[in-house]
Amino acid sequence: MCGIVGMVTAGRDMAADLVGGIRRLEYRGYDSSGVALLNGKGIIVAKDIGGPSDLVGKQTFDGLHGTTGIAHTRWATHGGVTRKNAHPHLSCDGQVAVVHNGVLSNYRELRAALEARGHTFRSETDTEVFAHLVEEKLKGGLAPREAIRASALEVEGTYAFAVVIHTHPDRLWAMRKESPLVVGFGADRTVIASDPLALADACPDVLYLDDGELVEVASGSAEVFKIATGARVDRSRRRLEGDFAVPERGAYPHFMLKEMAEATLAVRAALGSDPDAVTRGAEKLLAAKRVFFTGMGTAYHMAIFGHQLVAQWAKRFCPVVTADELPGAVTFEPGDLVLGVSQSGETYDTLRAIRAAKAAGGVALGIVNVAGSSMARECDQTLLQGAGPEIAVLATKSALSQAVVAARLALEAGRLSGGLTAARHAELAAELASLPALLDEWRPQIERDCREAAARFLGLEKWFFLGRGVFASVAQEGALKFKEVTYRHAEGMAAGFLKHGTISLIDGEMGTAIFVPPASTGELRAMTLYALEEVRSRGGPLLAVGALSESERRHVDAVIGMPGKGELSDAFLQIVAGQYLAYYTAKALGRDIDRPRALAKSVTVP
Ligand code: GLU
């Protein structure tokens with residue numbers, strides 16, 4: 001997934017700011033990192049295994065100077081996690097340095113051809129071909145921008161590239177195809193980055209590159225060109241919207257814990273975000289011929305959460321398909337609508353699904369946290385979450401705010417479609433509005449119960465997370481959180497599915513966490529409790545998440561209590577419980593909580 005930053009200044013040393021920039025993008029990958037700097041004496045490359053914050057204060061990133069440079073924090077797709085494979089990559093003559101986010105699908109052919117023409121490769125990455133291509137074009141007499149553009153025309157796949165050339169220490173070039181890139185303008189610098197978060201507060205004005213565009217950046221200026229034709233593109237700067245201040249961890253030991261503590265703020269922001277956008281979104285949803293909900297990872301689970309509510313309240317069934325599979329499973333037609341959920345708004349698979357629907361004449365709705373992201377710009381209607389930046393790789397407050405926005409959309413669709421009576425609509429709206437207060441009241445107890453449950457079940461290596469109805473999505477999300485950060489297996493599924501085969505795994509070593517709906521749900525709760533009994537009959541350790549009666553509590557080994565005031569509010573608080581359970585289990589196991597192994601927050605590769 002990788003984070004890219006590049007910076008040009010008017011002669012000021014910016015090495016520390018450049019490293020600071022990729023530190024803020026560490027959520028995008030952190031297996032290795034590096035910089036290439038120009039300081040009048042050629043290109044200096046410093047890189048190693050480890051995320052930028054691991055390398056700061058170590059020899060790699062110490063004592064660096066430069067007035068122009070590019071930097072990278074990597075999430076390997078091609079080639080192992082080694083120093084050699086870390087970006088930047090150089091041409092044979094060391095005159096061209098490149099960093100890349102994405103994958104080049106024809107790199108094998110290009111590499112073979114380049115090797116046949118005498119180029120020597122130093123890494124196993126797909127990226128390196130680009131440095132050699134640019135070198136060849138420069139040697140063939142092309143000017144830098146044309147050399148880079150001609151090279152871009154030869155590579156297939158997805159990319160954001162940033163390039164510096166030894167002979168031009170006062171500029172850099174960047175281009176994109178299906179990977180994000182923004183240009184930021186500050187008083188003393190012009191910056192390119194994968195995410196405006198890297199710009200910190202230094203660049204109030206930005207310019208977003210579109211796919212197929214190349215930008216030539218010099219101090220104070222940025223000119224945009226079409227890669228295909230070389231024609232100049234008129235693109236004006238705009239004010240950077242959104243909150244891109246760099247969050248501090250403060251007294252919290254982990255960003256994940258801090259961000260879970262910010263759940264109330266995130267929910268409040270999601271409750272308050274643009275009501276007209278919600279109404280327009282609901283109108284579009286109801287007017288569409290067919291509707292598909294989609295997302296990946298946590299966002300996919302929140303899409304399932306939303307689809308359950310739309311089904312219940314607007315009486316409209318909207319199938320949910322993971323975004324990687326959706327374009328293959330559905331032949332989109334005019335009149336179709338895709339609702340994509342993505343925290344970053346840059347998730348490759350979700351963007352691809354949205355683009356496929358739009359290309360066929362369909363409509364795209366987005367639930368997105370990052371204003372100005374590709375999804376926020378490309379969707380016909382975007383519902384912004386307003387959760388603020390989330391630094392920990394695991395989605396916590398952003399997941400809750402996605403669920404709130406999805407619930408608001410479902411509620412509005414219920415009102416407009418007549419699926420909800422006015423009285424029921426008012427009841428549900430009041431329940432949604434009560435969430436911030438309920439979160440404040442219950443979070444400390446949920447946290448305590450989760451800490452105790454984590455300690456009690458620490459010996460269990462494998463889990464089922466079960467729930468029904470909207471609680472099935474809550475269980476699936478809980479299982480994902482648990483796997484991501486504890487590295488222990490947890491399988492989330494609809495509780496009714498257990499008896500159809502998977503129950504054979506239940507024994508004293510197989511934990512089951514069961515997400516129990518409140519009493520008001522009647523049959524839904526009764527059916528969930530059947531699964532609880534089935535597990536208990538087979539001697540499986542049981543953790544119940546829900547409002548249980550005294551007698552029910554005797555049937556399980558531990559309980560994470562819930563208020564039991566309503567289906568919606570319990571479901572929200574159970575998402576919170578899944579997060580704390582994962583956190584405290586991971587903490588007890590000594591895991592790297594904010595940066596779990598092999599993960600990255602924003603998945604911008606196919
Ligand atoms: N394909 C490049 C590599 O493996 C970049 C990976 C990425 O963007 O995640 O180094």
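Residues numbered from 1 in each chain as written. Predicted model: local features only at pLDDT ≥ 70, side-chain atom pairs only at ≥ 80, totals over all residues. Heavy atoms only, no water.

## Quick notes on the side chain of Arg-408
Residue placement: Arg-408 occurs in helix H13 (residues 397–417). For the buried Arg-408, no salt bridge exists, and the shortest N-O distance to an oppositely charged side chain is 6.9 Å, to Asp-274. A distance of 2.7 Å separates a polar side-chain atom of Arg-408 from the backbone oxygen of Ser-273. Excluding its chain neighbours within four sequence positions, the residues that come into contact with Arg-408 are Ala-270, Leu-271, Gly-272, Ser-273, Asp-274, Pro-275, Val-278 and Leu-432. (Helix = DSSP H or I, 4+ residues; strand = E, 2+ residues; numbered from the N terminus. Buried < 20%, exposed > 50% of the residue type's maximum accessible area, 1.4 Å probe, protein only. Lys, Arg positive; Asp, Glu negative; His and termini not counted. Salt bridge = Lys/Arg side-chain N within 4 Å of Asp/Glu carboxyl O. Polar contact = N/O pair within 3.5 Å; in protein donor to acceptor, adjacent residues only side chain to side chain. Contact = heavy atoms within 4.5 Å.)

## Section: the packing of aromatic side chains
Going through the model one piece at a time under the given rule, you end up with 11 aromatic pairs. For the ring pair Tyr-580 and Tyr-584, a centre distance of 6.4 Å and an interplane angle of 15 degrees mean the geometry is stacked. Of this pair, Tyr-580 and Tyr-584 both sit in helix H19 (residues 567–588), 4 residues apart, roughly one helical turn. On the basis of relative accessible area, Tyr-584 is assigned to the buried category, the value being 9%. The residue whose ring lies beneath Arg-237 is Phe-185, and the NZ or CZ to ring-centre distance is 3.6 Å. Positioned above the aromatic ring of Tyr-487 is the side chain of Arg-597, whose terminal nitrogen or guanidinium carbon lies 3.9 Å from the ring centre. (Phe/Tyr/Trp six-rings, centres within 6.5 Å; stacked < 30°, edge-to-face > 60°. Lys NZ or Arg CZ within 6 Å of the ring centre and 35° of its normal.)

## Some remarks on the nonpolar core
In this structure, Phe-305, Ile-446, Phe-465 and Phe-572 are the most contacted members of the largest nonpolar core, which totals 88 residues. If one sorts the elements of this core by residue count, H19 sits on top with 13 residues. Beyond its immediate sequence surroundings of up to four residues, Phe-572 is in contact with Phe-305, Leu-400, Ala-403, Val-404, Ala-407, Leu-432 and Leu-435. (Core = buried A, V, L, I, M, F, W, Y, C linked by side-chain atoms within 4.5 Å.)

## Brief notes about helix H8 (residues 275–287)
For H8, which comprises 13 residues, the first-to-last C-alpha distance of 18 Å matches the rise-based estimate of 18 Å (1.5 Å per residue) to within 8%. Among the residues making up H8, those that are buried are Ala-277, Val-278, Gly-281, Ala-282 and Leu-285. Projected down its long axis, H8 shows its buried positions confined to an angular sector of 135 degrees, all on one face. Summarising the contacts, the buried residues of H8 are in contact with strand E16 (290–294), helix H9 (297–313), strand E17 (336–342), strand E18 (363–368), strand E19 (381–384) and H13. Residue Asp-274 occupies the N-cap position of H8, its side-chain oxygen lying 3.0 Å from the main-chain nitrogen of Asp-276. (Expected span 1.5 Å × (residues − 1). Arc of directions from axis to C-beta.)

## Here's the deal with the packing of H13 against helix H14 (residues 422–433)
At a minimum axis separation of 11 Å, H13 and H14 run at an interaxial angle of 165 degrees. When the axes of H13 and H14 are compared, the pair comes out roughly antiparallel. Helix-helix and strand crossings are classified by hand; for H13 and H14 the assignment is left-handed. Along its contact with H13, which presents Ala-407, Arg-408, Leu-411 and Arg-415, the element H14 presents His-425, Leu-428, Ala-429 and Leu-432. Across the contact of H13 with H14, the residue classes break down as 5 nonpolar, 1 polar and 2 charged. (Axes fitted to C-alpha atoms, helices over the stretch in contact; angles between N-to-C directions. Parallel < 35°, antiparallel > 145°, perpendicular 65-115°, else oblique. Left-handed = near helix turned anticlockwise from the far one by under 90°. Nonpolar A, V, L, I, M, F, W, Y, C, P; charged D, E, K, R; others polar.)

## Remarks on the sheet that holds E19
Taken in spatial order, the 4 strands line up as E16-E17-E18-E19 in an open sheet, and their pairing is parallel. Pairing within the sheet leaves two strands with one partner each, and these edge strands are E16 and E19. The mean inter-strand angle of the sheet, taken between neighbouring strand axes irrespective of direction, is 15 degrees. Sheet analysis places E17 next to E18, joined by 6 bridges and oriented parallel. For Gly-340, the partnering residue across the bridge sits in E18 and is Gly-366. Across the sheet, helix H11 (residues 348–359) is in contact with E16, E17 and E18; its angle to E17 comes to roughly 165 degrees. Relative to the sheet, H13 contacts E17, E18 and E19, its axis offset from that of E18 by approximately 135 degrees. (Pairing = 2+ DSSP bridges.)

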